[in-house]
Amino acid sequence: MDEVTFHVGQKVEVLQVWMYETTQKLYQLTEELIMKALASHQAQSVRIVVKGSADKVLEALKELIDKFSIVVDPQYVCGYLSRVIGHDMNRSTLYACCFGFTVGSSLGLVIGICLQTPRQPNVLMKAIAATAFTGIDSITLLEDAFVPKLYKPTQLLIEVKCATLDPIDVKISCGLARTLRGIVNIYNYNCQSELPLILGREGAGIVVEIGSKVKDFEIGDQVYFVTDPWSSGTLAEYVVLDTKDVAKMPSGIVFEVAASFPYSATLAWTAVVVEA
């Protein structure tokens, strides 16, 4: 232990010398630059000011080095701990405490790593998305889109069985609701970036996961749904939606028919009944 203390003391002395020499060289270089830059009648006054400032810096640095040397001195550490704990502490006891602290911390770190919950890997799915806001030419099939996850207690994870591509999706691929989408989805964990943007505004499928506060739906329910223009779309294998955007399918209705209810059927009803 004494040999270790001796080597540590040597390193501290080398550090002191190096810091002092570096400061001296910096002071000389600064003084030379100022002397060359200023006129001869101003150089003397500037030199006095610079020298005074440098002396103060050197004095403060020397004081800092002295304090650092005291802090790393094992005898000082032993004395300080003895005063805090209230009984005598020799160097062997100090080393034993440091060894125990190191071993305990290492064991705690290893145990924590072993017991931590493993991070679940992102599961991939297929989706139809816009890779740029340039219109139809930017629409493509993705095979490596991330399966969305529930991040609110009122949400459902739905396995999509059928979805539609509506005229509004073409406008979205051209940049419709782009600014609003960026504001609304700041805290949406499933929208990590602006692009690629999954298209589709309506669809039908089966509920495969429910949030903790969902009361009106159960896993296995057949549902149809709609999503806002500023939200991620339905042309994917899975979609996460709030319960307010989902309804149970009527009995006797197939997925292909139910998927057209929200947008397409409403548009047809408006054209035939309301506007006719």
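Since the structure is predicted, the reported quantities are computational estimates derived from the model, not experimental observations. (Residues numbered from 1 in each chain as written. Predicted model: local features only at pLDDT ≥ 70, side-chain atom pairs only at ≥ 80, totals over all residues. Heavy atoms only, no water.)

## Brief notes about the overall build of the protein chain
Tallying secondary structure elements over the protein chain gives eight helices and eight strands in all. Each of the 276 residues in the protein chain was classed as buried or not, and the buried ones make up 28%. The long-range fraction of contacts in the protein chain, counting pairs at least 24 apart against all pairs at least 6 apart in sequence, stands at 70%. About 18600 Å² of surface is accessible on the protein chain, with carbon and sulfur atoms providing 62% of the total. (Helix = DSSP H or I, 4+ residues; strand = E, 2+ residues; numbered from the N terminus. Buried < 20%, exposed > 50% of the residue type's maximum accessible area, 1.4 Å probe, protein only. Contact = heavy atoms within 4.5 Å. Areas by Shrake-Rupley, 256 points an atom, 1.4 Å probe, with all protein chains shown as cover.)

## Remarks on the pattern of salt bridges
For the coordinates displayed, the defined rule picks out five salt bridges. Between Arg178 and Glu194 there is a salt bridge, with the nearest N and O atoms lying 2.7 Å from each other. Residue Arg178 is found in helix α6 (residues 178–184), and its partner Glu194 is found in the loop between α6 and β4 (197–198); the two are separated by 16 residues along the sequence. Under the relative-accessibility criterion, Arg178 is labelled partly exposed at 39%. Given the relative accessible area of 39%, Glu194 is considered partly exposed. (Salt bridge = Lys/Arg side-chain N within 4 Å of Asp/Glu carboxyl O.)

## Some points on unusual backbone geometry
Note: most residues except glycine have negative phi, and most peptide bonds are trans. Pro196 follows Leu195 through a cis peptide bond whose omega is -5 degrees. Here Pro196 shows up in the loop between α6 and β4. For Ala177, which is not a glycine, the phi torsion comes out positive at approximately 60 degrees. Its place among the elements puts Ala177 in the loop between α5 (167–173) and α6.

## Considerations on the nonpolar core
General note: in soluble globular proteins, nonpolar side chains tend to be found buried as a group. Counting residues in each nonpolar core, the largest one holds 11 residues, listed as Leu156, Ile158, Val160, Val207, Val214, Phe217, Val223, Phe225, Val239, Leu241 and Val246. At the level of secondary structure, the elements contributing two or more residues to this core comprise β3 (155–163), β6 (222–226) and β7 (238–242). The dominant element in this core, judged by the number of residues it contributes, is β3, at three residues. Once residues within four sequence positions are removed from consideration, Val214 is found in contact with Pro153, Thr154, Gln155, Leu156 and Thr243. (Core = buried A, V, L, I, M, F, W, Y, C linked by side-chain atoms within 4.5 Å.)

## A few points about the sheet that holds strand β8 (residues 246–248)
Whenever strands of a sheet pair, they do so through backbone hydrogen bonds, lying parallel or antiparallel. The five strands are arranged β7-β3-β5-β6-β8 in an open sheet whose pairing can be described as antiparallel. Of all strands in the sheet, those bounded by a partner on one side alone are β7 and β8. Adjacent strand axes in the sheet meet at a mean angle of 45 degrees, parallel and antiparallel pairs treated alike. Relative to the sheet, helix α8 (residues 261–274) contacts β5 (202–210) and β6, its axis offset from that of β6 by approximately 65 degrees. (Pairing = 2+ DSSP bridges. Axes fitted to C-alpha atoms, helices over the stretch in contact; angles between N-to-C directions.)

## Focus on a nonpolar patch on the surface
Nonpolar side chains collect at one region of the surface, where Leu180, Ile183, Val184, Ile186 and Tyr187 lie side by side and expose about 550 Å² of accessible area between them. Its location among the elements puts Ile186 in the loop between α6 and β4. Among the residues examined, Ile186 registers a relative accessible area of 56% and is labelled exposed. (Patch = residues over 30% accessible without salt bridge, like charges linked within 9 Å, V, L, I, M, F, W, Y side chains within 5 Å.)

## Points about the pairing of strand β1 (residues 124–130)
Bridge count between β1 and strand β2 (residues 139–146): six bridges; the pairing is antiparallel. Counterpart to Leu124 in the pairing with β2 is Phe146. When β1 meets β4, the two strands line up antiparallel, connected through two bridges. Considered in β4, the bridge of Ala129 is made with Ile198.

## Some thoughts on the pairing of β3
Sheet topology note: the β3/β7 ladder contains five bridges and is antiparallel. What sits directly across from Ile158, in β7, is Val239. Of the pairings in the sheet, the one linking β3 to β5 comprises seven bridges and is antiparallel in character. Along β5, the bridge assignment pairs Val160 with Gly205.

## Comments concerning the sheet that holds β1
Read from one edge of the open sheet, three strands run β2-β1-β4, paired in antiparallel fashion. Sheet topology places β2 and β4 at the edges, where each strand pairs with a single neighbour.

## Quick notes on the environment of Leu150
Mapped onto the secondary structure, Leu150 falls in the loop between β2 and β3. In this structure the C-alpha to C-alpha distance between Leu150 and Leu241, which are 91 residues apart in sequence, comes to 8.5 Å. Setting aside residues no more than four positions away along its own chain, Leu150 makes contact with Gln155, Leu156, Leu157, Glu209, Ile210, Gly211 and Val240.

## Some remarks on the confidence of the model for the protein chain
Parts of the model with low pLDDT should not have their predicted coordinates read in detail. Confidence in the prediction for the protein chain averages 77 pLDDT; 62% of positions are at 70 or higher. Note that pLDDT drops below 50 for residues 1–8; the model gives that stretch five contacts with residues more than four away or on any other chain. Below pLDDT 50 for its whole length, residues 117–121 participates in one contact with residues either more than four positions away or in separate chains. (pLDDT = per-residue confidence, 0-100.)

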